[in-house]
Amino acid sequence: MKYFYQKDSEEILSELETSNSGLSENEAKSRLEKNGLNKLPEAPRPSAFQIFLNQFKDLIVLILIVAAVISGFTGDHESSIVIIIVLIINAILGTTQTLNAQRSVDSLKQLSVPKVKVIRNGVKQEINSEQLTVGDIIEFEAGDMIVADARIIEASSLQVQESALTGESHAVDKTIETIEDEVVVGDQTNMVFTGSQVTYGKGRAVVTSIGVATEIGKISELLNKATTSKSPLQKSIDEFSKNLSIGIIALCIVVFGLTYISSKDFGGAAMFAIALAVAAVPEALASIITIVESLGSQTLAKENAIMKDINAVETLGSVSIIASDKTGTLTQNKMTVEDVYVNGKLLKPDELSLEDKASKMLMDTMVLTNDSFINGDQKVGDPTELALVELGRKYNIIEQDYRENYPRISELPFDSVRKFMSTLQIVNNEKVMLTKGATDELLKKCSHILLDGEVRDITKEDIDQILVQNYNFAEEGLRVLGYAFKVTDKEQLTFDDENNLTFVGLTSMIDPPRVESKDAVEKAIKAGIKPIMITGDHAITARSIARKIGIFQEGDMVIDGITLENMTDEELARDLEKISVYARVAPEHKIRIVNAWQAKGKIVGMSGDGVNDAPALKQADIGIAMGITGSEVSKDAADMILIDDNFATIVKAVTVGRNIFTNIKNAIKYLLTGNTGAIFVVIATTLLAFFDTKYVVPFAAIQLLFINLVTDSLPAIAIGTEPGTDEVLKQAPRNPKEPILTRSTFTAILIEAGLIAIAVFIGYYIGINTGEGYATTFAFLVLCLARLFNGFSCRSDLPLTKIGLFTNKNTIIAFLIGITLVSIIIFIPAISSIFKVMSLNGIQILTIVGLALAPTIVVQVIKIMKNR
Ligand code: ATP
């Protein structure tokens, strides 16, 4: 049997029943049905029922189950039933929340599925990689991910990095040559494999296997680790919860002992201690982070930022450096040629005469060393190249026809390190290498110049003159391209051919800044974030644009890649704060910039779109890829993808990130305040009971269960959905090392909990003097309502008068649900008796509501005064 790499392309195409123009849509569809989706199997997910069962694995829940059993044995069947109902409701809430969070992760994942270029019915189109099937013809170029195993049928300077498969980090050359012998994967030079990245050149291939049948699929168990790793915040809160729980359980044992000594009722004391444990341990703490982060990532997606890793949401808020590309991110990437410089003269784009030899050569290079095209309303390709095609159209040059007349026989594609590209074309029976690219780089390769129809040696004066023109263009923020050529007899180009070129001319292009950029830069700076520009473009062009949008301010430095290379780490560290623009950088320089900032303890968000940007994106705390123009490789490496490629979206995302963090903090604060309030009251009454037996236990076990498991989690989640404001941008970026609960947050929790405890205690005291059973009735209802009111206070550090009561509908809904449940308990006698609530008159109800509202009013007044 022969392997795919041992067969030539004809054989493969016929064996796979396909052709150069690809499968038909129908055939592709039926193969898709037969072969299934092109994806690796995912680790099995727990079913909804398993998730439901998992809710019972919690320590506190287990304690409660024991409590239900004890109650059953001691004859208190009512309590057992209620505990079980409460547990089930709690588990249902937990399950729906987990499922929602999962759903949102899935939908985000779907948004970041890699795209692939496929030929079907002879038409090139882009589809989701999952839709690819055996026999499909795919095309790829530098920056693309390979998403199936495929036999190469066309290759042009193709290089592929296959480390995912072979461990070899160097890119390997790929060709179409059939291999005779049997060889290992790493030596199958005419195949490409799922999981590899195209680092250079381009190619075309026929898909031979998909999904699990691919080489990576065969070893995919290794890759299929569950991706539910916990975030640093989640871990620290888990740790905090654990310690808190241990402390609370210890406290409960003490309370049990004391209650037993004063009441001599073992069952009652045990039940109360258990209930106290349940009331005091903030159950929802662990899940609140996941819920708020997954809700937050949906908000981010609406703002055009897709988080690939939900855990990165919390890092986003502490970003203090945003290093952004220029072209397309800060600018519109809508290029138009402004001027042409040829024969030593400056012309407008419509002033060329194609009779002139240099102008004709310039036009040939612009249109032929170019892969973009216009098709009706559709403009396909790199905006820089499209601008040149559009210029050609002014002279009635239809690029596709033109390219047929002057066929390309070889090429050296553009890359961001060389900064130019060359193609070998047949022009009037001559083989001509045409080169276009960055002027400064190109001039280094030029030995001649074409002036007024004559080619002669290029002089120092010529070069100076060209550089002055280049500088003048750049000063205006224009992007400059230089053009050169060489007649040759070569059939295939190599990099050594890019030498002894004849210089022809320059074009300048305008690429206006995005309208939002200036505002976004200003916002970022106000928020203590330093925006920096990192670009492959010329230093002067970059500075001009950076100045227009506010990134470059007087006194700042602009340095280029070479200067950066020559700087020592110490020098870079010294100047880092002053450098706002890095120009003519190569991708590897980006890593150095990230490292330098990180060494200063900064959290760096860095954008990148190219194939070589992946390492820098991985190194950055938040790697940011471009959804529209970004290479698949960069998207694969990033934490966040910008759907609109826009710098302003980065700033918005950081704002949302900060808001999410604040919301998590507030939700935690809400949970802890209420629980601490309850603990204060229990400690106070337990101690008082020693002096006077009228100080009965303040809450019935079942009441605490109700508060903590039913009415508590909804307001917490609602607080987590607080709509963001730009208020968070007034603060400096959060120090990522600082814990989420700072000393000042703890102080606030203690004060607010103290206020709630006082109100509850007053209610309790009134209850004691009202009659038997009223103490717990008052204490329970005041606590329950006070916590619901407190939900509004915990929305923000600002007073409600400032943020508005109705600006977060979810808190209103959560409040109304809570109030409804409490009303049911008060007004439906059958339920009242289960919850040990006595019947109340109007005055008593008003007293309870007044007491419950008081702590929130006090807190609000304090906030209003502070805000002044
Ligand atoms: P950024 O890094 O901000 O996106 P950029 O797009 O200018 O900036 P590169 O794409 O690396 O960065 O381009 C670097 C230089 O290479 C440009 O300034 C230009 O002179 C040249 N260049 C860009 N695109 C092409 C192209 N298609 N053909 C030839 N030269 C190009």
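In case you missed it, the structure is sitting above this.
All of the points below concern the structure found in this document. All figures in this text were calculated on a predicted structure; none of them were measured in a lab. (Residues numbered from 1 in each chain as written. Predicted model: local features only at pLDDT ≥ 70, side-chain atom pairs only at ≥ 80, totals over all residues. Heavy atoms only, no water.)

**Some remarks on the site of the ligand**
- The immediate surroundings of the ligand are formed by 20 residues, with Lys326, Thr327, Arg479, Thr535 and Asp537 found nearest.
- At a separation of 3.5 Å, an oxygen atom of the ligand approaches a polar backbone atom of Ala438.
- Between Thr535 and the ligand, the recorded distance is 3.0 Å, taken from a side-chain N or O atom to an oxygen atom.
- In isolation the ligand exposes 610 Å². Once the protein is present, 90% of that is buried.
- Put simply, the parts of the chain that give the shell around the ligand at least two residues each are strand 16 (430–437) and strand 19 (479–487). (Near = heavy atom within 4 Å. Polar contact = N/O pair within 3.5 Å; in protein donor to acceptor, adjacent residues only side chain to side chain. Areas by Shrake-Rupley, 256 points an atom, 1.4 Å probe, with all protein chains shown as cover. Helix = DSSP H or I, 4+ residues; strand = E, 2+ residues; numbered from the N terminus.)

**Re the pairing of strand 2 (residues 123–128)**
- Examined bridge by bridge, strand 1 (residues 115–120) and strand 2 share 6 bridges and lie antiparallel to one another. Directly across from Lys117, in strand 2, lies its bridge partner Glu126.
- Between the antiparallel neighbours strand 1 and strand 2 lie 2 residues, among them Asn121 with a positive phi of about 55°. (Pairing = 2+ DSSP bridges.)

**Digging into the side chain of Thr365**
- One can find Thr365 in helix 12 (residues 357–368).
- When near neighbours in sequence (up to four residues on either side) are disregarded, Thr365 contacts Leu434, Thr435, Lys436, Tyr483 and Ala484. (Contact = heavy atoms within 4.5 Å.)

**Remarks on the packing of aromatic side chains**
- Throughout the structure, instances matching the rule amount to 15 aromatic pairs.
- With a centroid separation of 6.3 Å and an interplanar angle of 10°, the aromatic rings of Phe256 and Tyr260 are classed as stacked. Note that Phe256 and Tyr260 are positioned in helix 8 (residues 232–263) at a spacing of 4 residues, about one turn of the helix.
- Note on Tyr695 and Tyr764: the rings are 6.5 Å apart at their centroids and 25° apart in plane angle, and the pair reads as stacked. Here the residue Tyr695 occupies a position in the loop between helix 24 (647–691) and helix 25 (701–711), and Tyr764 occupies one in helix 27 (residues 743–770), the gap between them amounting to 69 residues. The burial state of Tyr695 is the same as that of Tyr764; both residues are buried.
- Among the aromatic residues, those joined into a cluster by ring pairs are Phe49, Phe52 and Phe56. (Phe/Tyr/Trp six-rings, centres within 6.5 Å; stacked < 30°, edge-to-face > 60°. Buried < 20%, exposed > 50% of the residue type's maximum accessible area, 1.4 Å probe, protein only.)

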